[in-house]
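One letter stands for each residue in the lines below.
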Amino acid sequence: MRLRCAVLDDFQQVAKEAADWSSVTGEVDVVSFDAHLPDEDALAAALADFDIVVTLRERVVFPGSLLTRLPRLRLIVASGMRNSVIDYAAAEAHGVTVCGTASSSAPPVELTWALLLGLARGLVRESNGLREGGPWQQTVGADLHDRRLGLLGLGKIGSRVAQVGLAFGMRVSAWSQNLTRERADEVGVELAPSREELLRTADFVSVHLALGERTRGLLGPAELALLKPTAYLVNTSRAAIVDQDALLAALHEGRIAGAGVDVFDTEPLPPGHPMRTAPRLLATPHLGYVSQANYATYYGQAIEAIRSYLAGSPVRRLPAP
């Protein structure tokens with residue numbers, strides 16, 4: 001019997017073009033889903049006849065209760081080498097192998113700057129005005145040179161964002177719970193004495209932290225209240241790091257100049273979600289990882305993972321040691 005592979009959240013219908021699947025299609029039928037399956041019942045019904053699932057990032061949750069309802073499932077390939085929404089113990093108990101792929105930090109760095117620059121120079125408003133016959137020039141752009149960029153997190157992504165900020169002539173400072181002066185010096189940025197001081201002094205704040213117990217809700221109402229009314233906040237990391245209700249309130253009340261957001265508490269955003277219409281918000285539909293090179297890596301290595309699994313030697317097994 002031929003195996004069946006489901007490729008989830010293939011919104012652009014490019015999974016089969018991003019890599020060469022011919023090395024597995026002799027044994028595997030590949031079916032892509034261009035619409036998100038929103039809950040466990042929908043997933044259980046749609047995936048009942050699949051042996052393999054390829055899933056992007058952490059959008060689709062695989063708890064034990066779902067794995068129990070997918071007795072045919074034998075392999076999950078998740079993009080990236082870290083995934084917090086798969087129940088690994090349940091997967092092992094049900095005989096499901098979980099593998100990951102490499103992932104580049106370059107695309108989220110680039111999107112961070114696209115959002116930051118779009119906010120600073122009012123690009124969406126000005127472009128729409130020009131196209132729609134509106135006023136000639138409506139905004140006065142916020143300068144980057146000699147302004148302070150505050151980074152929450154200085155890992156692979158945060159450090160690359162820092163380098164671009166320095167190239168713009170910005171004064172860059174960073175903070176995280178484990179950040180050392182040695183690491184800050186290595187990247188060439190200032191170590192902020194505290195989260196609060198970083199928020200008080202930054203003209204632009206960008207979030208680059210992993211989501212965990214210590215970072216969930218890290219920026220709540222009290223923290224957002226520390227931002228200057230002229231400051232901009234960018235979050236391309238995880239939605240739960242920033243209290244969504246507090247951010248919406250700050251935007252509606254004009255307590256910050258604006259925000260650039262690529263991550264949300266529910267994805268895809270349902271119709272009518274307040275993030276769709278919030279003022280002073282430049283929002284993108286979680287595009288941080290969505291690039292031609294990243295997709296070539298994700299799907300190319302997913303194919304490799306399927307081929308290796310069929311050969312009895314799975315590669316890049318998760319959780320990674």
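Up top you'll find the structure we're talking about.
Chemist: What exactly am I supposed to notice about the side chain of S176 here?
Modeler: Summarising the element assignment, S176 is placed in the loop between β7 (171–175) and α8 (181–187). Within the structure, the side chain of S176 is placed 3.2 Å from the backbone nitrogen of L179, a separation counted as a polar contact. Apart from residues no more than four positions distant in its own chain, S176 is found in contact with G153 and L209.

Chemist: Quick question: what am I supposed to make of helix α11 (residues 244–252) here?
Modeler: Structural remark: α-helix, 3.6 residues per turn; residues separated by three or four positions point the same way. For α11, the complete set of buried residues consists of Q244, A246, L247, L248, A250 and L251. Sitting at the amino-terminal end of α11 is D243, which places a side-chain oxygen 3.1 Å from the backbone nitrogen of D245.

Chemist: How should empty space enclosed by the protein be read in this particular structure?
Modeler: Once rolled over the atoms, a probe with the size of a water molecule shows which space is left empty. Within this structure, the stated rule accounts for 1 cavity of 30 Å³ or more. A volume near 40 Å³ is recorded for the largest cavity. Elements supplying a minimum of two residues to the lining of the largest cavity: β3 (52–55) and α12 (292–310). Here the lining of the largest cavity gets 3 residues from one element, more than from any other, and that element is α12. Here the lining of the largest cavity is built from residues that sort into 6 nonpolar, 3 polar and no charged.

Chemist: Looking at this structure, I do not really get the environment of A162. What am I missing?
Modeler: Relative to the elements of secondary structure, A162 occurs in helix α7 (residues 156–167). In the structure, A162 is positioned 11 residues away from L151 in sequence and 7.6 Å away in space, judged by C-alpha atoms. The contact partners of A162, leaving out residues within four places of it in the chain, are L151, L154, V172, V187 and V189.

Chemist: What am I meant to see in the side chain of H286 here?
Modeler: Turning to its location among the elements, H286 is positioned in the loop between β12 (281–283) and α12. Among the polar contacts listed, one links the side chain of H286 to the side chain of E267, at a separation of 2.7 Å. Dropping the residues within four chain positions of it, H286 is found in contact with R59, D262, V263, F264 and E267.

Chemist: In this structure, what is going on with the sheet that holds strand β8 (residues 190–191)? I would like to understand it.
Modeler: Two pairing modes exist for strands in a sheet, parallel and antiparallel, and in both the strands are linked by backbone hydrogen bonds. Pairing within the open sheet is parallel, and its 7 strands lie in the order β8-β7-β6-β9-β10-β11-β12. Either end of the sheet is taken by a strand with one partner, and the two such strands are β8 and β12. Strand direction decides the pairing type here: strand β6 (residues 148–152) and β7, joined by 5 bridges, are parallel. Note that in β7 the partner of G150 across the bridge is S173. Strands in contact with α11 are β10 (232–235), β11 (258–261) and β12; relative to β11, the strand with the most contacts, it is inclined by about 140°.

Chemist: Hey, could you run me through the nonpolar core in this one?
Modeler: Among soluble globular proteins, nonpolar side chains are generally buried collectively. Core analysis: the biggest nonpolar cluster contains 30 residues, and L152, V205, L219, L224, L233 and L247 have the highest contact counts within it. Per element, the largest residue contribution to this core is 5 residues, and it comes from α11. Setting aside its immediate chain neighbours within four residues, L152 contacts W175, L198, V205, S206, V207, H208, L209 and L219. Counting residues in hydrophobic clusters, the runner-up holds 24 residues, among them L116, A162, V172 and Y232.

Definitions and limits used
- Residues numbered from 1 in each chain as written.
- Predicted model: local features only at pLDDT ≥ 70, side-chain atom pairs only at ≥ 80, totals over all residues.
- Heavy atoms only, no water.
- Helix = DSSP H or I, 4+ residues; strand = E, 2+ residues; numbered from the N terminus.
- Polar contact = N/O pair within 3.5 Å; in protein donor to acceptor, adjacent residues only side chain to side chain.
- Contact = heavy atoms within 4.5 Å.
- Buried < 20%, exposed > 50% of the residue type's maximum accessible area, 1.4 Å probe, protein only.
- 1 Å grid on protein atoms, 1.4 Å probe; cavity = no way out; pocket = protein on both sides within 12 Å on 5 of 7 lines; lining within 4 Å.
- Points joined across faces, edges and corners; volume = space filled by probe spheres on them.
- Nonpolar A, V, L, I, M, F, W, Y, C, P; charged D, E, K, R; others polar.
- Pairing = 2+ DSSP bridges.
- Axes fitted to C-alpha atoms, helices over the stretch in contact; angles between N-to-C directions.
- Core = buried A, V, L, I, M, F, W, Y, C linked by side-chain atoms within 4.5 Å.

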